[in-house]
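Residue strings, one per chain:
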Amino acid sequence: YKTGDLVRYLSDGTIEFLGRIDHQVKVRGYRIELGEVEAILLRHEAIQAAVVLAREDSTVGKYLVAYVVGNVSKSLAIDELRRYLQEKLPDYMVPAFFVPLDALPLTPHGKVDRHALPMPEQRGEEAVDAQFIAPGTQTPIEEIVLGLYCEILGVGQISIHESFFDLGGHSLLATQVISRIRAAIGVELSVRSLFETPSVAGLAREIARHLCGGEERTIPPLVPVLREQDLPLSFAQQRLWVQEQLVSDRSAYVSPVVVRLHGPLHVAVLEQCLQAMVRRHESLRTTFVAHSGQPIQVIHTDLYIPLTVIDLQMADEKERAREVFHLLSISLHQPFALSQGPLLRIGLFRLQEQEHIFCMMVHHIVFDGWSMSIFLHELSLLYRAFLQRRPSPLPPLTLQYADVALWQRDWLKGEVLDRLINYWSMQLAGAVPLQMPTDRPRGAIVQDRGALYPLMFSAPLGQELLALSREVGVTLFMTLLTAFNILLYRWTRQQDIVVGTDIANRTQASTEQMIGFFVNLLPLRIRLSAQATFREIVRQVCATVLDAYAHQDLPFDKLVEALQLERKPGQIPLINVLFVLNNMPQPSLTLPNVAISPVDIEVQTAKFDVALFLMERGEEFVGYVNYRTELFDAESIAALVRHFEVLLHSIVAAPETAVELLEMLTAQEKEQACNSERAREQIERRELRRSKRQVIPVSVRH
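Residues numbered from 1 in each chain as written. Predicted model: local features only at pLDDT ≥ 70, side-chain atom pairs only at ≥ 80, totals over all residues. Heavy atoms only, no water.

(A) Here's a closer look at the overall build of the chain. Tallying secondary structure elements over the chain gives 19 helices and 21 strands in all. A total of about 34,500 Å² of accessible surface is found on the chain, and carbon and sulfur atoms cover 51% of it. (Helix = DSSP H or I, 4+ residues; strand = E, 2+ residues; numbered from the N terminus. Areas by Shrake-Rupley, 256 points an atom, 1.4 Å probe, with all protein chains shown as cover.)

Take a look at the structure:
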């Protein structure tokens, strides 16, 4: 009779004992002989020894783990092993995890010690460093799918490129993913789609394809273009260029970076780095002129941008502070001449021998928030290299921003452009700008004078918002945007609301290390009613945002032309209110032996009536409201922020509550409202008592 031992012959004819074949387990309703899986594994040329165990977890239930020892002469690739087993075994018999070992642990009797086998690590630190994609670089669809993976698999941070099945997924959990996607996004996928594209990134692409009507977008490759021709502006640049022609104050598009530096700073090395950055990125050497009535880019082969050093060491501390902020304010509100350039100003205030303030002012037409991260990161790398007298560690750029601008104009035409215009024309038909209640009437010409009102939401509120987002199956951006729309509805009583949001618009991998202005403005139209609940509205917001991102390639300037929207000085057509959640890693400058801290400066411009900017800082949410001071007092914006915070608390506490019944007033405001109501009622009663009774004659007709 059969003993149940699993053995194999070695090349010298001896028999090696490998284990038992009667280790039967039940996983997800299937009876599995672990020895059968081990036997198939041992047939692979790269495997010297293998043991398969069934383990159990409270989040995903029972799952299989394969412990494998590789042959010294053969390379062991986990992906290859998984594919090998998938070809020979049904899905439910393929282990969820593969754990490579140098040797199997043995008992004193020479048998495999199964109790000594380690628990599988779902993630290692090296994997996190190599594969984890930072928040902010994901698309909204990727964020949703990522959240579903983490929740269903019971894991924390994962890479968007990791396989669902490498993380412990199986066919039953795959079915859950598909059903959650259907509920969250409204897209019907087959389970096979998940098996064919098991990564977050792959599945997100499949969802995006469905949102675009099942059509694969054929995008021409980005290639370098000759500079001996008129180089057009990108559509994003043209939007800013046109806007600048309509206003008298052209400082609204000046972007500042101001940091305090503590420590030994080598100024000559810093200036060397800055000139290297200007040589590296054409955008920093570009000006804009009109040619035959149309703006074109002029790229200068050599452009020196000086590092202006202002020595304030002789002044006392208070005088230094006053002078620094006075000069920073002048620089911030000094407009650039687009046709002359340079469009970058760099200065250094020397406060003490080892204390400086570094400031950079740059025009938005050649720079965006993503560019800031690139600039400071590359500047840090260059400083370290040049300080040690080493050459630049940065690889040369094969593509520049002008290549993207020409590529964009060659691609966005014909059927591609018509499809995008048709979508946005239907989406925004009949839409009107949101009219906030203002403290002063809007003038015929709106000025760009503005201010900032800072805000901060507590860590517990932030955690509750994240938990609600995961529960509903949407991104944090969608949750906050929904709440903001409810706030705007309660303030304006407009049921049809258009709010703008910025999008990075770097859809090509080759643009990720490029300095330039890529940001596009997306109008998001939401319809609300008093009876609708947060859960109902967030579904609409989710669909709207995903559709908008699927059609994000239409430049806002083209949208304005297609809808024949009126351009007014100082105003963005259709969009009076902006909402931005900045979840990208914050740009930072890192210099050896130098401590760096940000310096806040007063902003006195505004491009929208109200623009709410939020970002995650640790577990808290911080941000600010940028508003037009000719329309609003600071007290009104403070009330808006208070109401938003109370509303957020109300939403996370009762997301099924009708919009009209969600709490928005603070306790003090409710008490004041009650007191005002009581006072009004008392006045009415006194008026009623003072009124005299009158006899009213009644004529009777027969």
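Moving on from the coordinates now.
(B) A look at the packing of aromatic side chains. Evaluation of the coordinates by the stated rule reveals eleven aromatic pairs. Between Phe367 and Phe375 the ring centres are 5.9 Å apart and the planes differ by 70°, which places this aromatic pair in the edge-to-face class. Accessibility expressed as a relative area gives 1% for Phe375, which makes it buried. Measuring from centroid to centroid gives 5.9 Å for Phe457 and Phe644, while their planes differ by 65°, and the two rings are edge-to-face. Taken together, the residues span a long stretch of sequence, with Phe457 in strand β15 (residues 450-457) and Phe644 in helix α18 (residues 634-653) at a distance of 187 residues. Here Phe457 and Phe644 have matching classes, each one buried. Here the aromatic residues Phe457, Phe477, Phe484, Phe579 and Phe644 are joined through ring pairs into a cluster of three or more. The side chain of Arg345 reaches across the aromatic face of Phe336, ending 4.1 Å from its centre. Above the face of the Phe235 ring, Arg409 is positioned so that its terminal group lies 4.2 Å from the ring centre. (Phe/Tyr/Trp six-rings, centres within 6.5 Å; stacked < 30°, edge-to-face > 60°. Buried < 20%, exposed > 50% of the residue type's maximum accessible area, 1.4 Å probe, protein only. Lys NZ or Arg CZ within 6 Å of the ring centre and 35° of its normal.)

(C) Fine view of the packing of helix α8 (residues 235-245) against helix α17 (residues 556-563). Direction vectors running N to C along α8 and α17 enclose 70°, while the axes themselves pass 7 Å from each other. Considering their axes alone, α8 and α17 lie roughly perpendicular with respect to each other. From α8, Phe235, Gln238 and Arg239 reach across to α17, where they touch Phe556, Asp557 and Lys558. Class assignment for the residues of the contact of α8 with α17 results in two nonpolar, one polar and three charged. (Axes fitted to C-alpha atoms, helices over the stretch in contact; angles between N-to-C directions. Parallel < 35°, antiparallel > 145°, perpendicular 65-115°, else oblique. Contact = heavy atoms within 4.5 Å. Nonpolar A, V, L, I, M, F, W, Y, C, P; charged D, E, K, R; others polar.)

(D) The packing of helix α14 (residues 459-472) against helix α15 (residues 476-492), seen in detail. Close contact between α14 and α15 brings their axes to 9 Å; oriented N to C, the two are set at 105°. Considering the angle they form, α14 stands roughly perpendicular to α15. Here α14 contributes Leu465, Leu466, Leu468 and Ser469 to the contact with α15, which in turn contributes Leu476, Thr479 and Leu480. The residue makeup of the contact of α14 with α15, split by class, is five nonpolar, two polar and no charged.

(E) Here's a closer look at the nonpolar core. In terms of nonpolar packing, the biggest core is built from 188 residues, with Phe375 and Phe579 touching the most fellow members. For this core, the element with the most residues is α15, which contributes eleven residues. Setting aside chain neighbours within four positions, we find Phe579 in contact with Phe477, Leu480, Leu481, Phe484, Val499, Gly500, Thr501, Asp502, Leu612 and Leu614. By size, the runner-up hydrophobic cluster in this structure holds 21 residues, among which are Ile32, Leu41, Leu42 and Val52. (Core = buried A, V, L, I, M, F, W, Y, C linked by side-chain atoms within 4.5 Å.)

(F) Seen up close, the environment of Ser199. Its place among the elements puts Ser199 in the loop between α6 (191-196) and α7 (200-211). Ser199 sits in the buried class, given a relative accessible area of 13%. With 32 residues separating them in the primary sequence, Ser199 and Leu167 have C-alpha atoms 10.0 Å apart. When residues no more than four places from it in sequence are discounted, the contact partners of Ser199 are Tyr149, Ile160, His161, Glu162 and Ser163.

(G) Quick look at a negative patch on the surface. Where like charges cluster on the molecular surface, the negative patch consists of Asp316, Glu317, Glu319 and Glu323. Among the secondary structure elements, Glu317 is positioned in helix α10 (residues 317-332). Residue classification places Glu317 among the exposed residues on the basis of a relative accessible area of 64%. (Patch = residues over 30% accessible without salt bridge, like charges linked within 9 Å, V, L, I, M, F, W, Y side chains within 5 Å. Salt bridge = Lys/Arg side-chain N within 4 Å of Asp/Glu carboxyl O. Lys, Arg positive; Asp, Glu negative; His and termini not counted. Charge placed at Lys NZ, Arg CZ, Asp CG, Glu CD.)

(H) The pattern of salt bridges, seen in detail. A complete count under the given rule lists 21 salt bridges for this structure. Between Arg440 and Asp633 there is a salt bridge whose closest N-O contact spans 2.8 Å. Of the two residues, Arg440 sits in the loop between α13 (414-427) and β15 while Asp633 sits in the loop between β21 (620-628) and α18, which places them 193 residues apart along the sequence. According to the relative accessible area criterion, Arg440 is partly exposed, its value standing at 31%.

(I) Molecular detail of the pairing of strand β14 (residues 355-363). Of all nine residues that make up β14, nine are buried, and the element is covered over most of its length. Where burial is concerned, the two faces of β14 agree: the one with Glu355, Ile357, Cys359, Met361 and His363 and the one with His356, Phe358, Met360 and Val362 are both buried. Pairing analysis gives nine bridges linking strand β9 (residues 254-262) to β14, with the strands arranged antiparallel. Bridging from a neighbouring strand, Val257 pairs with Met360 of β14. Adjacent in sequence and paired antiparallel, strand β13 (residues 344-352) and β14 are bridged by two residues. (Pairing = 2+ DSSP bridges.)

(J) Region of interest: the sheet that holds strand β10 (residues 286-291). On the basis of which strands lie adjacent, the open sheet formed by three strands has the order β8-β11-β10 and antiparallel pairing. Each of the sheet's edge strands pairs with one partner strand only, and the pair in question is β8 (231-232) and β10. Of the pairings in the sheet, the one linking β8 to strand β11 (residues 294-299) comprises two bridges and is antiparallel in character. Within the sheet, the bridge partner assigned to Pro232 lies in β11 and is Ile296.

(K) Quick look at empty space enclosed by the protein. According to the stated counting rule, one finds six cavities of 30 Å³ or more in the structure shown. Reported here for the largest cavity is a volume of approximately 210 Å³. Every residue lining the largest cavity is counted, 20 residues in all, and those nearest its centre are Val404, Trp407, Gln408, Asn505 and Phe518. Those elements that provide at least two residues to the lining of the largest cavity are α8 and α12 (401-411). Counting residues per element, the lining of the largest cavity draws most heavily on α12, which supplies five residues. When its residues are assigned to classes, the lining of the largest cavity shows ten nonpolar, eight polar and two charged. Looking at which domains feed residues into the lining of the largest cavity, each of domain 3 (231-402) and domain 4 (416-440 + 449-653) supplies at least three. (1 Å grid on protein atoms, 1.4 Å probe; cavity = no way out; pocket = protein on both sides within 12 Å on 5 of 7 lines; lining within 4 Å. Points joined across faces, edges and corners; volume = space filled by probe spheres on them. Domains from an automatic or database assignment.)

(L) Spotlight on helix α4 (residues 140-153). Spanning 14 residues, α4 covers 20 Å between terminal C-alpha atoms, matching the ideal 20 Å at 1.5 Å per step. Burial of α4 is extensive: eleven of the 14 residues sit out of reach of the surface. Burial in α4 covers these residues: Pro140, Ile141, Glu142, Ile144, Val145, Leu146, Leu148, Tyr149, Cys150, Ile152 and Leu153. Downstream of α4 by a residue or two, Gly154 has a phi angle that is positive, lying close to 70°. (Expected span 1.5 Å × (residues − 1).)

(M) Representation of the sheet that holds β9. Within the open sheet, the five strands sit side by side as β12-β13-β14-β9-β19. Their pairing is mixed. Two strands close off the open sheet at either side, each with one partner strand: β12 (307-311) and β19 (595-598). The mean angle between the axes of side-by-side strands here comes to 25°, regardless of whether they run parallel or antiparallel. Taken together, the eight bridges between β13 and β14 define a ladder with antiparallel strand orientation. Residue pairing for β14: Leu348 is matched across the bridge by Phe358.

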